[in-house]
Amino acid sequence: MRHDHIISAKQLSRGDIETVLDHAADIAADPGAFADRHTDTLLGMLFFEPSTRTKMSFTTAMKRLGGDIVDMGSVESSSVKKGESLADTVRVVEGYTDALVLRHPMEGSAKMASEFVDVPLVNAGDGAGQHPTQTLLDLYTIRENAGFDDLTIGIMGDLKYGRTVHSLAHALTTVDARQHFVSPESLQLPRSVRYDLHEAGAEVREHTDLDEILPELDVLYVTRIQAERFPDESEYREVAGQYQIDAGTLEAAKDDLTVMHPLPRVDEIAHDVDETTHAQYFQQAHNGVPVRMALLDLILGGDQ
Amino acid sequence: MSDNDQQLRVSKIRNGTVIDHIAGGQALNVLAILGIDGTSGDSVSVAMNMPSDRLGHKDVVKVEGRELSQDEVDVLSLIAPAATINIIRDYEVVEKRRVERPSVVVGVLECPNRNCITTEDEPVDSRFAVGDDGVRCEYCDTIIRDDLPAHILAE
Ligand SMILES: [Zn+2]
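Looking at an unreviewed UniProt entry, one finds chain B named Aspartate carbamoyltransferase regulatory chain, with Haloarcula salina as its source organism. Under Sequence similarities (unreviewed entry), UniProt gives the following word-for-word description of chain B: "Belongs to the PyrI family." Of the comments in the UniProt record for chain B, the one headed Function (unreviewed entry) reads "Involved in allosteric regulation of aspartate carbamoyltransferase."

The name an unreviewed UniProt entry gives chain A is Aspartate carbamoyltransferase, with Haloarcula salina as the organism. UniProt's Catalytic activity (unreviewed entry) comment on chain A is quoted here verbatim: "carbamoyl phosphate + L-aspartate = N-carbamoyl-L-aspartate + phosphate + H(+)". Chain A has a UniProt comment under Subunit (unreviewed entry) that states "Heterooligomer of catalytic and regulatory chains."

Structure, rendered in structure tokens:
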């Protein structure tokens, strides 16, 4: 795999994806073997908006490879507050570090920032845009649990604003998965995403009701429907209530159905699902570490 | 209509570029897309809604003292796909160019996504990939299908 920067899951071919996931599986099988891999490496953490979980996961990954991190800290305490451009900030910080992780509230920020630096830059979320390491850990979890061959997946919840979903759906076209999209009509896939999926050769099947397709699914990927997408509280409750699952819902599913969620959840997956063999969302979150270790190792030259 | 009227509307230029067969009403957008606003002092003449066999009505733009490059010409394809370009030297047409759709346009359009990094005060030009039925921001993936002139960057 040869990519200087990891900006979008769309830049990754099926071969690239398999390379990262294979490497992540090797790391997960024997993490100790990689503990001294990057002892002199410093990873620069540029988080322009809070995302504690993603930051912890990257930090853990770098430290488990023997390296360390330097952290810009919160925006309030940095030069950004004084009006410094993102292009200037990344050009300064690249001089301190061997690679950068960027989280920024504006779409396209990671692509732009990558054009100003020579060290590898990983996009850890750019507004409503891309979050490729989330996609890779989702793919890893799917492959570990259900495999990519003859895969049928249902993706449910807020499909309009959920960038996690857009990126995952696009990546799943590279493994020819059958994809079903389940959402209220007001939260269906946006036009640009549907267009992309068609271009990639996917057949987009949209449903408003999970029951129609639940028995066919190997994986059910649930996302949160947020109250602010609705004009009032009562409408939100009525609509969101139709897209919550509990252990009873899953009685109609295959025994080996894998249920995933990018977390944090609110009430879209009831706690009684946690006790079933379907629940893989905590493991999914844990998988972020070996997947990010694999990606960092590859972009820092671990494959040479 | 006398020859003299014709002369008044669109005078001949000595050196420069004549852009002909612009769809009626698009001349000012053509000037905007080329960044021509008259401040450079070159004389620019515009004729709008002239009768045209091919287009019904067409606009014509003449720019004295400036020869458009092929890249500049290609950008015009977004709003004036039928345009023909004549490069004039010493009152003679020395070169005719047709517009061709470019694969990308840089610094011409403004991204309509207000949360796109290219709309911020950053040292970056907008970049749009040109597709069959629209253009797409290479930074945030926003697609513009209709009314491209409304998205031309103000200089
Ligand atoms: Zn944009």
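Draft legend 1. Highlighting the coordination of the zinc ion. All names here are of chain B. Within the protein, Cys 111 (SG), Cys 116 (SG), Cys 137 (SG) and Cys 140 (SG) serve as the donor atoms for the zinc ion, at 2.3 Å. One way to put it: the four donor atoms around the zinc ion meet at angles of 99 to 117°, and that makes the site tetrahedral. All donors to the zinc ion come from one chain, and their sequence spacing reads C-x4-C-x20-C-x2-C. The pair Cys 111 / Cys 116 is uniform in exposure class, with both members buried.

Draft legend 2. Summary view of the UniProt feature "binding site: L-aspartate" (unreviewed entry) in chain A. Residues and elements named next belong to chain A. In the numbering used here, UniProt assigns the feature "binding site: L-aspartate" (unreviewed entry) to Lys 82, Arg 163 and Arg 224. Sequence-wise these annotated residues cover 143 residues; spatially they are dispersed, their C-alpha atoms as much as 35.3 Å apart. Looking only at the residues we just named, the largest pocket is lined by Arg 163 and Arg 224. Relative to the assigned elements, Lys 82 resides in the loop between strand 2 (68-71) and helix 3 (86-93). The class of Lys 82 is exposed, set by a relative accessible area of 74%. Along the chain, Arg 224 turns up in the loop between strand 8 (219-222) and helix 8 (233-241). Judged by relative accessible area, Arg 224 falls into the partly exposed class, the value being 31%. Setting aside residues no more than four positions away along its own chain, Arg 224 makes contact with Asp 158, His 261, Pro 264, Val 266 and Glu 268.

Draft legend 3. Broad picture of the UniProt feature "binding site: carbamoyl phosphate" (unreviewed entry) in chain A. All names here are of chain A. Sequence positions flagged by UniProt for "binding site: carbamoyl phosphate" (unreviewed entry) are, in local numbering, Arg 53, Thr 54, Arg 103, His 131, Gln 134, Leu 263 and Pro 264. For the largest pocket, the lining residues drawn from the annotated set are Arg 53, Thr 54, Arg 103, His 131, Gln 134, Leu 263 and Pro 264. Inspection of the secondary structure puts Arg 53 in helix 2 (residues 52-64). Residues contacting Arg 53, with those up to four places away along its chain left out, are Leu 263 and Pro 264.

Conventions we followed
- Residues numbered from 1 in each chain as written.
- Chains lettered and ligands numbered in written order.
- Predicted model: local features only at pLDDT ≥ 70, side-chain atom pairs only at ≥ 80, totals over all residues.
- Heavy atoms only, no water.
- UniProt positions renumbered as here; feature names shortened; annotations may be inferred.
- Donors = N, O, S within 2.8 Å, 3.2 Å for Na, K, Ca; no water.
- Tetrahedral: all angles 85-135°; square planar, octahedral: opposite > 155°, others 65-115°.
- Buried < 20%, exposed > 50% of the residue type's maximum accessible area, 1.4 Å probe, protein only.
- 1 Å grid on protein atoms, 1.4 Å probe; cavity = no way out; pocket = protein on both sides within 12 Å on 5 of 7 lines; lining within 4 Å.
- Helix = DSSP H or I, 4+ residues; strand = E, 2+ residues; numbered from the N terminus.
- Contact = heavy atoms within 4.5 Å.

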